[in-house]
Amino acid sequence: MDFTLVAVRDDGNNPPLDKFGWHVLLNVQGKIRIGDPVNIIQHPNGNNKAIVVHNSNLLHLENGTDIDKYCYYSGDTEEGSSGSPVFNNRWEIVALHHKAVPKTDRNGNIVDKNGRAMSEKRYKDNPEEISYEANEGIRVSRLVQAIKDSAITNSSQKIIRDNLIKLWSEPAAHKRGLKAAETEI
């Protein structure tokens, strides 16, 4: 599912971590509908933050199919933005950005910005010429379920995971996370 979960220890020498706020990963469906806007916060290739808030909408999602772990949306993401959070208009994370989806012709060939089929060599050598039709993100509800279902043998890691899932499930956890970020350090 192309994600890594990382725990950070509060060392007591800096402002407490909970003062920085957090975003809850809600294990529910229905946080967004086709056509609703999406907002993406990205640090492409580790560069400065870039925020996408205009002309970005949820395009497609399915349930009960082999691609139901993904959702598809428009938005101007840049290479190196995998792992970026994709938010709905209430700043709830709905997906984890995974990749851009290139346009293809009816024969399955990737096409350039002029609609011409590209050879494999050409699209690998000139990725800036590729025409993209959407972005693909891993749905948060599927991600949370994978975290819950993961087999963790290390007892301290299991406790951290279980506490995180519990935090995400608490009523108003989303609002508490956002509120903490508003507090001046």
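Use the structure listed above.
Below is a summary of the structure that appears in this document. (Residues numbered from 1 in each chain as written. Predicted model: local features only at pLDDT ≥ 70, side-chain atom pairs only at ≥ 80, totals over all residues. Heavy atoms only, no water.)

Some words on the pairing of strand 1 (residues 39–42)
For step 1, the next point in the chain: Alignment of strand 1 against strand 5 (residues 85–87), held across two bridges, turns out to be antiparallel. Considered in strand 5, the bridge of Ile-40 is made with Val-86.
For step 2, the next point in the chain: Across three bridges, the pairing between strand 1 and strand 2 (residues 50–52) is antiparallel. The partner of Ile-40 across the bridge, within strand 2, is Val-52. (Pairing = 2+ DSSP bridges. Helix = DSSP H or I, 4+ residues; strand = E, 2+ residues; numbered from the N terminus.)

Here we look at the side chain of His-174
For step 1, the next point in the chain: On the secondary structure map, His-174 appears in helix 4 (residues 173–182).
For step 2, the next point in the chain: Note on His-174: relative accessible area 15%, which makes it buried.
For step 3, the next point in the chain: Not counting chain neighbours up to four residues away, the residues in contact with His-174 comprise Val-24, Arg-90, Trp-91 and Glu-92. (Buried < 20%, exposed > 50% of the residue type's maximum accessible area, 1.4 Å probe, protein only. Contact = heavy atoms within 4.5 Å.)

A few points about the sheet that holds strand 7 (residues 132–139)
For step 1, the next point in the chain: The seven strands are arranged 2-1-5-6-7-4-3 in an open sheet whose pairing can be described as antiparallel. The sheet is open, and its two borders are formed by strand 2 and strand 3 (58–61), each paired with just one other strand. Direction aside, neighbouring strands of the sheet carry axes that sit 35° apart on average.
For step 2, the next point in the chain: Pairing between strand 4 (residues 70–73) and strand 7: four bridges, direction antiparallel. When the sheet's bridge partners are listed, Tyr-73 is paired in strand 7 with Asn-135.
For step 3, the next point in the chain: Together, strand 6 (93–102) and strand 7 form the strand contacts of helix 2 (residues 140–149), whose direction differs from that of strand 7 by roughly 35°. (Axes fitted to C-alpha atoms, helices over the stretch in contact; angles between N-to-C directions.)

Some thoughts on the environment of Leu-26
For step 1, the next point in the chain: Relative to the assigned elements, Leu-26 resides in the segment before strand 1.
For step 2, the next point in the chain: In this structure the C-alpha to C-alpha distance between Leu-26 and Gly-64, which are 38 residues apart in sequence, comes to 19 Å.
For step 3, the next point in the chain: Beyond its immediate chain neighbours, meaning those up to four positions away, Leu-26 contacts Lys-31, Glu-92, Val-140, Ser-141, Val-144 and Trp-168.

A few points about the nonpolar core
For step 1, the next point in the chain: Counting 18 residues, the largest nonpolar core has Leu-25, Leu-143, Val-144 and Trp-168 as the members making the most contacts within it.
For step 2, the next point in the chain: Mapped onto this core, the elements with two or more residues apiece are strand 4, strand 6, strand 7, helix 2 and helix 3 (155–169).
For step 3, the next point in the chain: The leading source of residues in this core is helix 2, at four residues.
For step 4, the next point in the chain: Not counting residues within four places of it along the chain, the set of residues in contact with Leu-25 comprises Ile-93, Val-140, Leu-143, Val-144 and Trp-168.
For step 5, the next point in the chain: Ranked by size, the runner-up nonpolar core spans ten residues in total, among them Leu-58, Cys-71, Tyr-73 and Ala-95. (Core = buried A, V, L, I, M, F, W, Y, C linked by side-chain atoms within 4.5 Å.)

Some details on unusual backbone geometry
For step 1, the next point in the chain: Positioned with a positive phi, Trp-91 is a non-glycine residue whose angle comes to about 60°.
For step 2, the next point in the chain: Looking at the secondary structure, you find Trp-91 in the loop between strand 5 and strand 6.
For step 3, the next point in the chain: In this structure Trp-91 comes out as partly exposed when scored by relative accessible area, which is 32%.
For step 4, the next point in the chain: Although it is not a glycine, Ala-172 sits at a positive phi angle of roughly 65°.
For step 5, the next point in the chain: Mapped onto the fold, Ala-172 is located in the loop between helix 3 and helix 4.

Focus: the pairing of strand 4
For step 1, the next point in the chain: Burial along strand 4 is two-sided: the face carrying Tyr-70 and Tyr-72 and the face carrying Cys-71 and Tyr-73 are both buried.
For step 2, the next point in the chain: By the bridge criterion, three bridges tie strand 3 to strand 4 in an arrangement that is antiparallel. Each residue of the ladder has a partner; that of Leu-61, found in strand 4, is Cys-71.

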